[in-house]
Amino acid sequence: MTDTTRKAARPVPPAAPAGPTPPSAARRTRRWRRWRGVTPWLFLIGPLVLLIAFTYAPIVNMVAYSFTDWDGVSPELHYTGAENYAELFTRPELFEVFLVSGYYLAASVVQIAAALYFATVLSFNVRFRNFFKGVLFFPYLINGVAIGFVFLYFFQDGGTLDAILSLFGYDGDRAWLGTPASANVSLAGVSVWRYMGLNFVLFLGAIQSIPGELYEAAELDGANRWQQFRHIIAPGIRPVLSLSVILSVSGSLSVFEIPYIMTGGATGTETFVIQTVKLAFQFNKTGLASAAAVVLLLIILAVTWVQRRLVPDDKVDLV
C-alpha cells in the first residue's frame, strides 16, 4: 500500500458538536439588532424636531389664542372662552367670502383637465416633448410674488392683454380687475397658469409608472388612444387623480397669495384667508383671526374626509 493510499484511508475525526454561541458573540448580535432598530429614528430626529417646532407647535398656539382676546401686540391676554367662535358664526358676512372660492374651484377643474390632457399626450412619443414638459412645469417654479406683479401689469388698462387683443381686432381698454366678476375670473386664470405644472408632473409620473406591456397589448388588440386612456391610463392614475382633487379643493378654500398681491382683496376678490390676515394685522384681533383659522382648518379636514369617503383610495390592479 502506497503512502498516498494510507493517507486517504486515514479516518477523518468527527466534527465537534455545535455548542452554544459564545457570550461575546451573542452580545454583539443583540447590540447590532438594537442599533439596527434605533438607526432609523436617529435619522428622523432632525425632521421630527423641525416638524413639531414649525408645524404642530404653531397649530397648538393658534388653537390656544382662539380662546383669548389677544391683539397680537400686548403681552397680556385674557381667556374669553368660545366668544370668538360665537362672533364668527353670528356674522354671516365673514363666511360670504367663501363665494369667491367658487371661482378658484371652477378653475381647478379646468386646471386638472388641462394637466391630465397634456400629461397623456406627452406620455406618448411626441416630438419636442421634453421641451413642452419644461414649458408646462416652469410656471410652478416661479416665485408667487413675481407672478402677481407680472400679471398685475398684464391685466391693467392698456396692458399686455389689451395689446394682444388689439392684434385680433379687439380695440378698447378694459378694466380686467375693475369688477368683481372679471377680477375673480382673471385671478383664477392666473392660478390655473401657475399650478397646472404641479398636477401635470404628478399625472405624468403616474402615467409613466404604468407597465409598457399593457400599451403594447392594447395596440395589438386594435385599441386607439382614447380606449387606451379610458381602460389603462384612467384606472392606473386614480390614486394620483384623487390626490390632485383634494389639493385643488383645499387650495380653492385657502387662496391667498395671488389675490393678495394683485388686488389686496379689493373689488370683491377678498378670500377667507385674506380676511383672516386683515383681522389679525389690520384690526389687531388675533384671537378672532385664530378662531377663523381653526374654522378653516376644520372645514378643509371635513371636505377632505367626505371626499375620501365618497371616493376611497382603492388599490389598482391593471394586470
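Note that the coordinates shown come from a computational prediction; the quantities given were computed from them, not determined experimentally.

K.L.:
In this structure, what is going on with the overall build of the protein chain? I would like to understand it.
P.N.:
Broken down by element type, the protein chain carries 14 helices and zero strands. Secondary structure elements of the protein chain occur, N-terminal to C-terminal, as α-α-α-α-α-α-α-α-α-α-α-α-α-α. Looking at the protein chain as a whole, 32% of its 319 residues are labelled buried. Taking contacts inside the protein chain between residues at least 6 apart in sequence as the whole, the part at least 24 apart equals 67%. When the accessible area of the protein chain is evaluated, it comes to approximately 20,300 Å², of which 66% is carbon and sulfur surface.

K.L.:
What exactly am I supposed to notice about a positive patch on the surface here?
P.N.:
Together, Arg27, Arg28, Arg30, Arg31 and Arg34 make up a positively charged patch on the protein surface. Residue position: Arg30 is located in helix α2 (residues 23-65).

K.L.:
Is there a simple way to explain the environment of Ile147 in this structure?
P.N.:
Within the fold, Ile147 resides in helix α6 (residues 144-154). Taking the relative accessible area as the measure of exposure, Ile147 reaches 2% and is therefore buried. Each C-alpha atom of the pair Ile147 and Met262 lies 9.3 Å from the other, and the pair is 115 residues apart in sequence. Sequence-distant contacts of Ile147, defined by excluding residues within four places in its chain, comprise Pro139, Ile142, Val190, Trp193 and Arg194.

K.L.:
What's the story with the pattern of salt bridges in this structure? I'm lost.
P.N.:
Opposite charge on two side chains permits pairing when their charged atoms draw close. Within the structure shown, the criterion is met by five salt bridges. Glu93 serves as the salt-bridge partner of Arg91, at 3.2 Å between the closest nitrogen and oxygen. With relative accessibility at 25%, the residue Arg91 sits in the partly exposed group. For Glu270, the salt bridge goes to Lys278, with nearest N and O atoms at 3.3 Å. Taken together, the shared-partner salt bridges connect Glu87, Arg91 and Glu93 into one network.

K.L.:
Any chance you could explain the packing of aromatic side chains here in plain terms?
P.N.:
Think of a pair of aromatic rings as described by two things: how far the centres are apart, and how the planes are tilted against each other in angle. On inspection of all chains with the given rule, the structure shows 17 aromatic pairs. Three or more aromatic residues link up through ring pairs in this structure, and these residues are Phe89, Phe95, Phe98 and Phe272. Sitting over the ring of Phe124, Arg225 keeps its end group 4.0 Å from the ring centre.

K.L.:
In this structure, what is going on with a nonpolar patch on the surface? I would like to understand it.
P.N.:
On the surface, Trp41, Leu44, Leu48, Leu51, Ile52, Tyr56, Ile59, Val63, Leu297, Leu298 and Leu301 cluster together to form a nonpolar patch covering roughly 1,000 Å² of accessible area. Those elements giving two or more residues to the nonpolar patch turn out to be α2 and α14 (286-310). The element that contributes the greatest number of residues to the nonpolar patch is α2, accounting for eight residues. Summarising the element assignment, Trp41 is placed in helix α2.

K.L.:
Explain the packing of helix α13 (residues 272-281) against α14 here, please?
P.N.:
To describe two helices that pack against each other, one gives the angle between their axes and the distance between the axes. Put simply, α13 and α14 touch, their axes get as near as 7 Å, and they point 160° apart. Between α13 and α14, the crossing angle belongs to the class labelled roughly antiparallel. Considering how the two elements wind past one another, α13 and α14 form a crossing that is left-handed. Counted together, Phe272, Val273, Thr276, Leu279 and Ala280 of α13 and Thr286, Leu288, Ala289, Ala292, Ala293 and Leu296 of α14 form the full contact between these two elements. Classifying every residue of the contact of α13 with α14 by side-chain character gives nine nonpolar, two polar and no charged.

Conventions and cut-offs
Residues numbered from 1 in each chain as written. Predicted model: local features only at pLDDT ≥ 70, side-chain atom pairs only at ≥ 80, totals over all residues. Heavy atoms only, no water. Helix = DSSP H or I, 4+ residues; strand = E, 2+ residues; numbered from the N terminus. Buried < 20%, exposed > 50% of the residue type's maximum accessible area, 1.4 Å probe, protein only. Contact = heavy atoms within 4.5 Å. Areas by Shrake-Rupley, 256 points an atom, 1.4 Å probe, with all protein chains shown as cover. Patch = residues over 30% accessible without salt bridge, like charges linked within 9 Å, V, L, I, M, F, W, Y side chains within 5 Å. Salt bridge = Lys/Arg side-chain N within 4 Å of Asp/Glu carboxyl O. Lys, Arg positive; Asp, Glu negative; His and termini not counted. Charge placed at Lys NZ, Arg CZ, Asp CG, Glu CD. Phe/Tyr/Trp six-rings, centres within 6.5 Å; stacked < 30°, edge-to-face > 60°. Lys NZ or Arg CZ within 6 Å of the ring centre and 35° of its normal. Axes fitted to C-alpha atoms, helices over the stretch in contact; angles between N-to-C directions. Parallel < 35°, antiparallel > 145°, perpendicular 65-115°, else oblique. Left-handed = near helix turned anticlockwise from the far one by under 90°. Nonpolar A, V, L, I, M, F, W, Y, C, P; charged D, E, K, R; others polar.

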